[in-house]
Amino acid sequence: MNTTDSKYVLDLSPEDYQKATVEVAFLLDAFASTIDNIMGGNTAPVGRIAGRDTASKLPVDFTDPSLQDIIKVLSEQMHAGFDFTLDGNAVTFKSCIIRDMCLVRKIETGGALCRLFHSYFDGIVNGLLCRPVKSTIISTGNECQLQTAVQ
């Protein structure tokens, strides 16, 4: 398929992007809420399993990586929707598409959607580091911070 072929070029307006953002936010909220209800609030295993699966498909190859190495590579891989850094064992999310989706849906950050994402993120790090990882949300707001423990 030639993506420069005019029959494949989409002419989307800012209104189209806004509608898509609202739809994606709705779907993410519904997905996270449903999993939260089914799992009785214990969504971490679902997120971790999905994250480990994602880690196995990432185009990265490490030899004895550190947490810093993994966070650096993930930050580069996920830069379109996230800006995060590691300082010690604290991961700070300066920008976060999940936070943006929470704002669109007018749902509290740090809730079901955030918890599901962070357990997913833990699963990715676990899959790349080959060691169990557990993050705790320390603060939410314009920047969110996690305390990350590696066993």
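Structural data are supplied above this passage.
Run through a nonpolar patch on the surface, naming residues and quoting values.
A cluster of nonpolar side chains, namely Leu-10, Leu-12 and Tyr-17, defines an oily patch on the protein surface of about 360 Å² accessible area. The topology assignment puts Leu-10 in the segment before helix H1 (14–38).

Can you explain empty space enclosed by the protein? Please cite residues and give values.
Unfilled space is identified by rolling a water-sized probe across the atoms. Inspection of every chain in the model, using the stated rule, returns one cavity of 30 Å³ or more. Its volume calculated, the largest cavity comes out at about 40 Å³. As for the largest cavity, its lining consists of Cys-96, Ile-98, Arg-99, Thr-109, Cys-114, His-118 and Cys-144. Here the residues of the lining of the largest cavity sort into four nonpolar, two polar and one charged.

Give me the packing of helix H4 (residues 97–105) against helix H5 (residues 112–129): which residues, what numbers.
Relative to each other, H4 and H5 sit at 165°, their axes nearing to 10 Å. Considering their axes alone, H4 and H5 lie roughly antiparallel with respect to each other. Between H4 and H5 lies a crossing whose hand is right-handed. Of the residues in H5, those in contact with Ile-98, Met-101 and Cys-102 of H4 are Leu-113, Cys-114 and Phe-117.

Explain the packing of helix H2 (residues 44–57) against H5 to me, using residue names and the numbers behind them.
Where H2 meets H5, the axes come as close as 6 Å, and the angle between the chain directions of the two elements is 45°. The angle between the axes of H2 and H5 places the two elements in the oblique class. Relative to H5, the crossing made by H2 is right-handed. Contacts from Ala-44, Val-46, Gly-47, Arg-48, Ala-50, Gly-51, Arg-52, Thr-54 and Ala-55 of H2 reach H5 at Leu-116, Ser-119, Tyr-120, Asp-122, Gly-123, Ile-124, Asn-126, Gly-127 and Leu-128. A class-by-class count of the residues in the contact of H2 with H5 yields eight nonpolar, seven polar and three charged.

Describe the pairing of strand E3 (residues 133–139), and please don't skip the residues or the numbers.
Relative to strand E4 (residues 144–150), E3 runs antiparallel, the two sharing six bridges. Along E4, the bridge assignment pairs Thr-136 with Gln-147. Hairpin connection from E3 to E4: four residues lie between these consecutive antiparallel strands, with Gly-141 at a positive phi of about 140°.

Break down the sheet that holds strand E2 (residues 90–96) for me, citing the residues and quoting the values.
Strand order across the open sheet formed by four strands is E1-E2-E4-E3, with antiparallel pairing between neighbours. Among the strands making up the open sheet, the edge pair consists of strand E1 (82–87) and E3. Neighbour-to-neighbour, the strand axes of the sheet open up by a mean angle of 25°, direction not taken into account. Relative to E4, E2 runs antiparallel, the two being bridged by four bridges. Bridging across to E4, Thr-92 finds its partner in Gln-145. Against the sheet, H4 touches E1, E2 and E4, its axis set at about 55° to E2. Relative to E3, H5 is tilted by about 145°, and along the sheet it contacts E1, E2, E3 and E4.

Parameters and conventions
Residues numbered from 1 in each chain as written. Predicted model: local features only at pLDDT ≥ 70, side-chain atom pairs only at ≥ 80, totals over all residues. Heavy atoms only, no water. Patch = residues over 30% accessible without salt bridge, like charges linked within 9 Å, V, L, I, M, F, W, Y side chains within 5 Å. Areas by Shrake-Rupley, 256 points an atom, 1.4 Å probe, with all protein chains shown as cover. Salt bridge = Lys/Arg side-chain N within 4 Å of Asp/Glu carboxyl O. Helix = DSSP H or I, 4+ residues; strand = E, 2+ residues; numbered from the N terminus. 1 Å grid on protein atoms, 1.4 Å probe; cavity = no way out; pocket = protein on both sides within 12 Å on 5 of 7 lines; lining within 4 Å. Points joined across faces, edges and corners; volume = space filled by probe spheres on them. Nonpolar A, V, L, I, M, F, W, Y, C, P; charged D, E, K, R; others polar. Axes fitted to C-alpha atoms, helices over the stretch in contact; angles between N-to-C directions. Parallel < 35°, antiparallel > 145°, perpendicular 65-115°, else oblique. Left-handed = near helix turned anticlockwise from the far one by under 90°. Contact = heavy atoms within 4.5 Å. Pairing = 2+ DSSP bridges.

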